[in-house]
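# Remarks on the overall topology
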Amino acid sequence: MILYKNKIESTFEAVHETVGEIMEQLKLVEMLNRENILFRVNFMLREVLNNAVEHGNKFDEKKAVEIEIVLEEPLLITIVRDEGEGISLDMSHEHNMDYILRERQRGMRLVKEYQFKVDVNGTEVRVVLNVDSVVEGI
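This one's a predicted model, so the numbers in the text were calculated from it and none came from an experiment. Think of each chain on its own: its residues are numbered from 1, step by step along the sequence as written. Confidence filtering applies because this is a predicted model: local features only for residues at pLDDT of at least 70, side-chain atom pairs given and counted only at 80 or more, and all residues used for totals across whole chains, interfaces and linings. The side-chain numbers reported here are obtained from all heavy atoms of the structure, hydrogens and water having been left aside.

### So, the pairing of strand β3 (residues 75–81)
The line we're drawing: Throughout this description, buried means an accessible area under 20% of the type-specific maximum (1.4 Å probe, protein chains only), exposed means over 50%, and partly exposed covers the range between. Numbering goes from the N terminus for both helices and strands, where a helix is a DSSP run of H or I of at least four residues and a strand is a run of E of at least two. Strand pairing follows a simple DSSP-based rule, namely that at least 2 bridges must link the two strands.
Counting buried residues in β3 gives five out of seven residues, a clear majority hidden from the surface. Note that strand β2 (residues 64–72) and β3 share seven bridges and pair antiparallel. Bridged to I67 within β3 is V80. Linking β2 back to β3 in an antiparallel pair, the connection comprises two residues. Strand direction decides the pairing type here: β3 and strand β5 (residues 124–130), joined by seven bridges, are antiparallel. When the bridges of β5 are listed, L76 appears paired with L129.

### Description of the packing of aromatic side chains
Where two aromatic rings form a pair, the distance of their centres and the angle of their planes describe that pair. The criterion, for reference: Paired rings are identified among Phe, Tyr and Trp, the last through its six-membered ring, by centres lying within 6.5 Å, and are further divided according to the angle between planes into stacked (under 30 degrees), edge-to-face (over 60) and tilted (the rest).
Applying the stated rule across the entire model yields three aromatic pairs. Aromatic pair F43 and Y114: ring centres 5.5 Å apart, planes at 90°, arrangement edge-to-face. Residue F43 is located in helix α2 (residues 35–56), and its partner Y114 is located in the loop between α4 (106–113) and β4 (116–121); the two are separated by 71 residues in the primary sequence. With relative accessibility at 25%, the residue F43 sits in the partly exposed group. Each residue in the set F39, F43 and Y114 is aromatic and connected to the rest through ring pairs, giving one cluster.

Okay, here's the thing in structure tokens:
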């Protein structure tokens, strides 16, 4: 079931407004309306959408960011596409603490720690959360 689908401008303001809209939609879905789920999804959406705006489209407001959120119980699937040259999620240094703690790398690392599976293919990021596997607490 598609819960949300939209194209947004490449601005942080558009990301902020869009995440607010999405969160209101997710609160209407009983299995998603839990604090620990909503917190994680909010964080993930901001990280992935901001990355698409900044690194993918390089703040070019002529370029759009597409977002689609699908619920295929128990999976919540988020697909984000930008119009940039392609993005790379290099986790090859994930055991090097200096690299992990770099300001520019922490967000995606936390997304993975919050139990999301992240796949990057060119200009598309697919983020999947198994809602049933999320334990209570944040």
